[in-house]
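One-letter residues, chain by chain:
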Amino acid sequence: MTTISRPAERSQLYLTKITTRDLNVWYGEKQALFSVNLDIERNRVTSLIGPSGCGKSTYLRCLNRMNDVIEGCRVEGKIALDGDDVHGEDVDPVQLRARVGMVFQKPNPFPKSVWENVAYGPRIHGLATGRAELDEIVTTSLERAGLFAEVKDRLDDPGTGLSGGQQQRLCIARAIAVQPDVILMDEPCSALDPIATARIEELMEELRARYTIVIVTHSMQQAARVSQRTAFFHLGAVVEEGETGKLFTDPREERTRDYITGRFG
Amino acid sequence: MTSGGVHSGEAARRRLRKRHAAERRFRLYGLAAIGLALGALVTLLGTVVVRGLPAFFGYEVTLDLHLDAARLDPQGGRRPGDLGRGDYGRVVKDALRALFPEVKGRRERRRLHALVSSGAAFDLRERVLAEPDLVGSTIALAVPLSDDADLFFKGGVDAEAAEADRRLSDAQITWLRALQSEGRVARRFWTRFFRAGDSREPELAGIWGALVGSLWTLGVTLLLSFPLGVAAAVYLEEFAPKGRLTDFIEVNINNLAAVPSIVFGLLGLAVFLNLSGLPRSAPLVGGLVLALMTLPTVIIASRSSIMAVPPGIREAAMGIGASPIQVVGHHVLPLALPGILTGTILGMARALGETAPLLMIGMVAFIVDVPTGPTAPATVLPVQVYLWADSPERAFVAKTSGAILVLLAFLVAMNLAAVLLRSRFERRW
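The paragraphs below set out a description of the structure included in this document.

Calculation criteria
- Throughout this description, residue numbers start from 1 for each chain and increase along the sequence as written.
- All chains are assigned letters beginning with A, and all ligands numbers beginning with 1, in the order in which they are written.
- The predicted nature of this model means local features are confined to residues of pLDDT at least 70 and side-chain atom pairs, given and counted, to a pLDDT of 80 or more, with totals for whole chains, interfaces and linings taken over all residues.
- Side-chain descriptors were evaluated using all non-hydrogen atoms of the structure, hydrogens and water having been removed beforehand.
- Helix and strand assignments come from DSSP, with helices taken as H or I runs of at least 4 residues and strands as E runs of at least 2, each series counted from the N terminus.
- Partly exposed residues are those whose accessible area sits between 20% and 50% of the maximum for their type, while under 20% is buried and over 50% is exposed, using a 1.4 Å probe and protein chains only.
- By the convention used here, residues are in contact when the closest approach between their heavy atoms is within 4.5 Å.
- DSSP bridges decide pairing: two strands pair if at least two such bridges lie between them.
- When two parts are put together, the accessible area they lose, computed with a 1.4 Å probe and summed over both, is reported as buried area.
- Salt bridges are counted wherever a side-chain nitrogen of Lys or Arg sits within 4 Å of a carboxyl oxygen of Asp or Glu.
- Here the nonpolar group is Ala, Val, Leu, Ile, Met, Phe, Trp, Tyr, Cys and Pro; Asp, Glu, Lys and Arg are the charged ones; every other residue, Gly included, is treated as polar.
- Every axis corresponds to a line fitted to the C-alpha atoms, with the helix fit spanning only the stretch in contact, and the corresponding angles, defined between N-to-C directions, vary from 0 to 180 degrees.
- Helix span, expected: 1.5 Å multiplied by one less than the number of residues in the helix.
- Each direction from the helix axis to a C-beta atom contributes to the arc, which is the arc of those directions.
- For patches, a residue must show more than 30% relative accessible area and have no salt bridge; joins then use 9 Å for like charges and 5 Å for nonpolar side chains, namely Val, Leu, Ile, Met, Phe, Trp and Tyr.
- Areas reported as accessible are Shrake-Rupley estimates using a 1.4 Å probe. Residue values count occlusion only from the protein chains shown.
- To qualify as a nonpolar core, a set must consist of buried Ala, Val, Leu, Ile, Met, Phe, Trp, Tyr and Cys residues joined through side-chain atoms within 4.5 Å.

**Side note on the environment of Pro377 of chain B**
Residue and element names in this part refer to chain B. Tracing the chain through its elements places Pro377 in the loop between α16 (356-360) and α17 (381-389). Residue Pro377 is classed as partly exposed on the basis of its relative accessible area, which comes to 48%. Placed 10 residues apart in sequence, Pro377 and Ile367 show a C-alpha to C-alpha distance of 7.0 Å. When neighbours within four sequence positions are excluded, Pro377 is seen to be in contact with Ser281, Ile367 and Pro371.

**Looking at the sheet that holds strand β4 (residues 73-81) of chain A**
Strand pairing in a sheet takes place through backbone hydrogen bonds and is either antiparallel or parallel in direction. All names here are of chain A. Taken together, the 4 strands give an open sheet; going across it, the order is β2-β1-β4-β5, and neighbouring strands pair in antiparallel fashion. Strand pairing shows two members of the sheet lacking a second neighbour, β2 (30-41) and β5 (84-85), which therefore form its edges. Strand direction decides the pairing type here: strand β1 (residues 16-27) and β2, joined by 8 bridges, are antiparallel. Directly across from Thr19, in β2, lies its bridge partner Asp39.

**Some thoughts on the interface of chain B and chain A**
In this assembly, 21 residues from chain B lie in contact with 24 residues from chain A. Carbon and sulfur atoms make up 64% of the surface buried where chain B meets chain A, a total of about 1800 Å² over both sides. When residues of chain B are sorted by the area they lose upon contact with chain A, Glu315, Met318 and Ile320 of chain B head the list and together hold 35% of the total. Here Arg61 of chain A and Glu315 of chain B are joined by a salt bridge, their closest N and O atoms 2.9 Å apart. Among the elements of the structure, α14 (311-319) and α15 (324-352) of chain B are those that each provide at least two residues to the side of chain B that touches chain A. No other element matches the 7 residues that α14 of chain B contributes to the side of chain B that touches chain A. Counted by class, the side of chain B that touches chain A contains 10 nonpolar, 7 polar and 4 charged residues.

**What to know about the sheet that holds strand β3 (residues 185-189) of chain B**
Residues and elements named next belong to chain B. Reading across the sheet, the 3 strands line up as β2-β1-β3 and stay open at both edges, with antiparallel pairing between neighbours. Each edge of the open sheet is held by one strand with a lone partner, namely β2 (138-144) and β3. In this sheet, neighbouring strand axes are inclined to one another by 35° on average, regardless of whether the strands run parallel or antiparallel. Where strand β1 (residues 57-66) and β3 come together, 5 bridges link them in antiparallel fashion. Within β3, the position partnered with Tyr59 by the bridge is Arg187.

**Focus: helix α8 (residues 170-181) of chain B**
Residues and elements named next belong to chain B. The terminal C-alpha atoms of α8 lie 17 Å apart, and with 12 residues this matches the ideal 16 Å at 1.5 Å per residue to within 8%. What α8 keeps buried is the set Gln172, Ile173, Trp175, Leu176 and Leu179. Projected onto a plane normal to the axis of α8, the buried residues spread over an arc of 160° and lie on a single side. Away from its buried face by more than 90 degrees, α8 exposes Thr174 and Ser181. Residues of α8 that are buried make contact with β1, α4 (88-99), α5 (106-113), α7 (147-153) and β3. Backbone geometry just after α8 places Gly183 at a positive phi near 75°.

**Focus on a nonpolar patch on the surface**
All names here are of chain B. On the surface, Ile34, Leu38, Leu41, Leu45 and Leu408 cluster together into a nonpolar patch covering about 430 Å² of accessible area. Per-element accounting of the nonpolar patch gives the leading share, 4 residues, to helix α1 (residues 10-52). Of note, Leu41 is situated in helix α1.

**What about the environment of Ala12 of chain B?**
Residues and elements named next belong to chain B. Along the chain, Ala12 falls in helix α1. For Ala12, a relative accessible area of 12% translates into the label buried. Each C-alpha atom, one on Ala12 and one on Leu341, is 51 Å from the other, the two residues being 329 residues apart in sequence. Sequence-distant contacts of Ala12, defined by excluding residues within four places in its chain, comprise Val6 and His7.

**Considering the nonpolar core**
Counting 54 residues, the largest nonpolar core has Leu23, Leu38, Leu48, Tyr59, Leu184, Val214 and Phe233 of chain A as the members making the most contacts within it. For this core, the element with the highest residue contribution is α15 of chain B, accounting for 6 residues. If we skip the residues at most four places from it in the chain, Leu23 of chain A touches Leu33, Phe34, Ser35, Val36, Tyr59, Cys62, Val75, Glu76, Gly77 and Ile79 of chain A. Of all hydrophobic cores here, the second largest spans 40 residues; its members include Ala205, Ala210, Leu381 and Leu405 of chain B.

Printed below as a string of structure tokens:
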């Protein structure tokens, strides 16, 4: 396994969960990411912001190697999760995705019951033996996703029958049921109304005690509300990254200032 | 509303009227098209039903058969071997002659015998073999009339026509009327049609042989084309690297779906019969040929329904660490199954109605026995329809339509099964 040295001064304060060094990504001939260097810190929420097509989703999908299945996608550079190269020869993407869960833009519960939705992951990874253990995992996961109280009487109803916000929390419960370290969220609230969005945002604050969260968002207000660190992507490169408060109030870069003040994007 | 706008005023109203009129016209065209199609369908089905229903009924005559031990069991041991060789035809003829003692002369007698089906002797033999104790007694047995006599009672013979222009002579008509007035003739539901194989005698011919042949053939077709087609579709859609080779395969599959079916028959003849030496006229080979023909349909339908599964489901499964096989097996296939089933049933329905390729591999043979397995000689329903339509006896006209009705019933049953399966597997997302 390849180990990447961590920036010493930062790891004293916060342990770095994911390090990215010189990451380049191509879709066919088109380069989508240019030499990205980014550290994701443990138990914090990191926001990725930037205009459409800036590569923030591409970067997110590199973290759990979801880009592997895209035809013609080529990834160069190093991404290390807890110091281990995610592209290492002995890393199975299937196993990696159990450690790095993902929540998608559009709520996408399986067309199965609520219970089945949450139990599916633990079952395929063999995390539970028997129904009782699975029940336990389902309950805990739904509780952590703040959904249990709402669905405890309809665990056997189809997950697709829940409201949009509930579906998205079901997807979060499904992701945390396999006990990941990191949760990636790709614009998780873009299909939700403000109340459901607020609910998810509260949840993120609760979840970061256990998990490291990376969220792609188009809403700068959301980034400011939920995250401790923010990275601004533009044209496939990280323009600036830092503490959220600092980045929004006193950005170093001109382009960052233009973007957060709404001059482009 | 503001005055003077382009959307108010007389001109605007005129434009609107024109649009509404066009809409009404278009709706009428649609209705007319549906009406025409329905009319054609009703005419077609109506004709087949009216023509085919007589095939399900037939006339039997009850004869007092004297089971003369001297004729049936000269050895006197009542052993099945001896009883099986008895002259049952004689017994039937004797019974007829006893009813009409006035008939003399070989020609007249032969005409009298011709009223009863040659199947009567077989029925009697069966009965005696089942109950050997009957030998020596006299029993009343309802036996089938010959096809011409049957047709007479069904109103298919014009007694007013010149004697030379009809299949029954004046004398035969007189005898039939006499039999009827004695209450010996009865109309029965013709179960024989549903339990017998083919025969040269229309009154003895049945559809069961062809139905069983079709079942075996379609069984082989389904067993081959469904798993192969679905596996091919899954591989092409989910795993195959996109490239020239995949494109080439795709184009060829699409072309294969459009190849005339008789070409598959020729291929089957060359490969399965001549090269591999598989048995002729066998459902196994028929099924293989039809599977080749159905495969492209199944693959295309499966691919499109796999493609229609929302990508979000795949991402969701992948995102929590399902392996590619688990993504397909647990999520994509269950969701694609209704569409795959529909495609398969469509392919199978086409295979059920297919005649041409089967002619090439010898399934057009005249086969009396009900097939007992996939390698036994057999024919199938549409080929049976073709064979009967080609037969000169007039009674086969009804049999042909009757066979078509059975074929249609088979088809409806298959589609019904598909609908039931669909609704079982259909899930919304």
